Amino acid sequence: MADDRLIVALDFHHMEEVRELVNKLGDSVSAYKVGMELYYSVGREAVIWLKDEGKKVFLDLKLHDIPNTVASGLCSLMDLGADMLNVHAEGGYTMMKTAAERLHKAAEEANVPCPKLIAVTVLTSISEEEWADLGFAQDVKIKSIAVRLAKLAKKAGLDGVVASPHEAALIREACGKDFLIVTPGVRPAGSSVDDQSRIATPAAALKNGATHLVVGRPVRSAEDPVQAAKNIIKEMEQV
Ligand code: C5P
């Protein structure tokens with residue numbers, strides 16, 4: 001029933017809320033995302049509990065700092081057993097390359113599987129208007145920067161990227177078939193857009209080449225989260 005390609009975002013402050021949702025979703029969801037909100041309030045316990053429950057974990061802390069700090073930070077997370085970690089591609093090639101190399105070395109030394117390392121390209125909440133505010137020339141499109149950052153991440157030895165479903169097809173074309181493309185900004189037809197901008201339905205995101213879908217509020221805030229997750233999985237299986 002569960003599909004590892006669906007990653008439900010646990011954007012909570014308390015472990016009780018995490019346990020309640022994860023227990024409710026039971027076998028229908030096998031992969032979860034722990035982001036800043038949960039990690040900064042609950043900490044390592046959240047990841048350890050999910051791993052004990054047999055779940056896959058994407059630890060979405062979006063590291064963005066100088067190469068040594070990011071690489072050391074990632075290595076400090078290694079023993080948690082998360083399946084996926086991430087950094088911001090805007091940290092640059094050297095930062096990403098150092099991070100990937102040090103993470104692989106640490107995993108080898110600890111004799112544990114290396115977590116997948118992916119890079120955030122352009123946040124899915126950034127609209128064209130906000131993009132212009134950041135100072136990019138009008139003819140520099142979000143899409144072209146997202147693809148450029150994805151190619152840089154690949155060259156640096158990363159396993160994939162986080163990107164909007166809108167950029168997934170171009171990234172797939174540029175980075176080949178084995179590259180992971182994790183897409184937030186997924187909204188089943190009829191659900192609230194919230195603060196996201198560059199969104200797509202689960203089926204459209206997969207058709208565009210996404211390998212994993214991160215879905216938060218459409219499951220978490222649904223009247224019936226189990227049914228909401230099942231509907232998304234059903235839609236995913238039809239692609
Ligand atoms: O509730 P919603 O489905 O919008 O949640 C999306 C999740 O994906 C949030 O936890 C957010 O931090 C994360 N995310 C995102 N855009 C990115 C990277 C991560 O929305 N580019």
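Use the structure listed above.
Residue numbering note: each chain is counted from 1, following its sequence as written. Given that the model is predicted, a residue must reach a pLDDT of at least 70 before its local features are reported, and side-chain atom pairs must reach 80 or more before they are shown or counted; all residues, however, enter totals for whole chains, interfaces and linings. Derived side-chain values reflect all non-hydrogen atoms in the structure, with water molecules and hydrogen atoms excluded from consideration.

If you had to explain the pairing of strand β1 (residues 6-9) to someone new, which residues and values would you point to?
Burial classes follow relative accessibility: with a 1.4 Å probe on protein chains only, a residue under 20% of its type's maximum area counts as buried, one over 50% as exposed, and anything between as partly exposed. We count a stretch as a helix when DSSP gives it H or I for four or more residues in a row; a strand needs E for two or more, and each element gets its number in order from the N terminus. Burial of β1 is two-sided: the residues L6 and V8 facing one way and the residues I7 and A9 facing the other way are all buried. One bridge is not enough; two strands pair if DSSP finds at least two bridges between them. As judged from the 3 bridges shared by β1 and strand β8 (residues 212-215), these two strands associate in the parallel manner. The partner of V8 across the bridge, within β8, is V215. Here 3 bridges tie β1 to strand β2 (residues 31-35), and the two strands are oriented parallel to one another.

Kindly report on helix α5 (residues 93-110), identifying the contributing residues and their values.
Multiply 1.5 Å by the residue count of a helix minus one, and that product is the helix's expected span. In this model α5 runs 26 Å from its N-terminal to its C-terminal C-alpha over 18 residues, within 8% of the 26 Å that 1.5 Å per residue would give. When we look at burial in α5, the residues that qualify are M95, M96, A99, A100, L103, A106 and A107. What you see down the axis of α5 is that its buried residues fit within an arc of 140 degrees, all on one side. When the buried face of α5 is taken as reference, the exposed residues oriented beyond 90 degrees from it are T94, K105, E108 and E109. Only heavy atoms matter for contacts: two residues are in contact if any of them lie within 4.5 Å across the pair. Buried positions along α5 lie against β3 (56-63), α4 (67-77), β4 (84-88), β5 (116-120) and α7 (142-155). Relevant arc is that of directions from the helix axis to the C-beta atoms, nothing else.

Lay out the pairing of β3 in plain terms, naming residues and giving numbers.
Counting buried positions along β3 yields 6 of 8 residues, so the element is predominantly enclosed. Summarising the sheet, β2 and β3 pair through 5 bridges and their orientation is parallel. Note on β3: the bridge partner recorded for A31 is K56. Across 3 bridges, β3 lies against β4 in parallel orientation. Bridged to L63 within β4 is V87. By convention, orient the strands away from the viewer: a clockwise path from the first strand over the helix to the second makes the crossover right-handed. Between the parallel elements β3 and β4, the chain passes through α4 in a crossover that is right-handed.

How would you explain the layout of surface pockets if you had to name every residue and give the values?
Residues are said to line a cavity or pocket when one of their atoms sits within 4 Å of a point; the points come from a 1 Å grid over protein atoms alone, cavities being sets where a 1.4 Å probe fits but cannot get out and pockets being open sets with protein on both sides within 12 Å along at least five of seven lines. Grid points are joined across faces, edges and corners, and a volume is the space filled by probe spheres set on the points. The computed volume of the largest pocket comes to approximately 610 Å³. Together, 27 residues line the largest pocket, and D11, K33, D60, K62 and Q196 are the ones closest to its centre. Of all the elements in the fold, those that place two or more residues in the lining of the largest pocket are β2, α2 (36-41), β3, β8 and α10 (217-220). Broken down by element, the lining of the largest pocket gets its largest block of residues, 3 residues, from β3. Nonpolar residues are Ala, Val, Leu, Ile, Met, Phe, Trp, Tyr, Cys and Pro. Charged residues are Asp, Glu, Lys and Arg, and all others, Gly as well, are polar. When grouped by side-chain class, the residues that make up the lining of the largest pocket number 11 nonpolar, 7 polar and 9 charged. By volume, the second largest pocket is sized at about 170 Å³. For the second largest pocket, the full set of lining residues is D4, I7, A31, Y32, K56, V57, F58, D83, M84, K116, L180 and H212. Of all the secondary structure elements, the ones that give two or more residues to the lining of the second largest pocket are β2 and β3. Among the elements that take part in the lining of the second largest pocket, β3 stands out by supplying 3 residues, more than any other.

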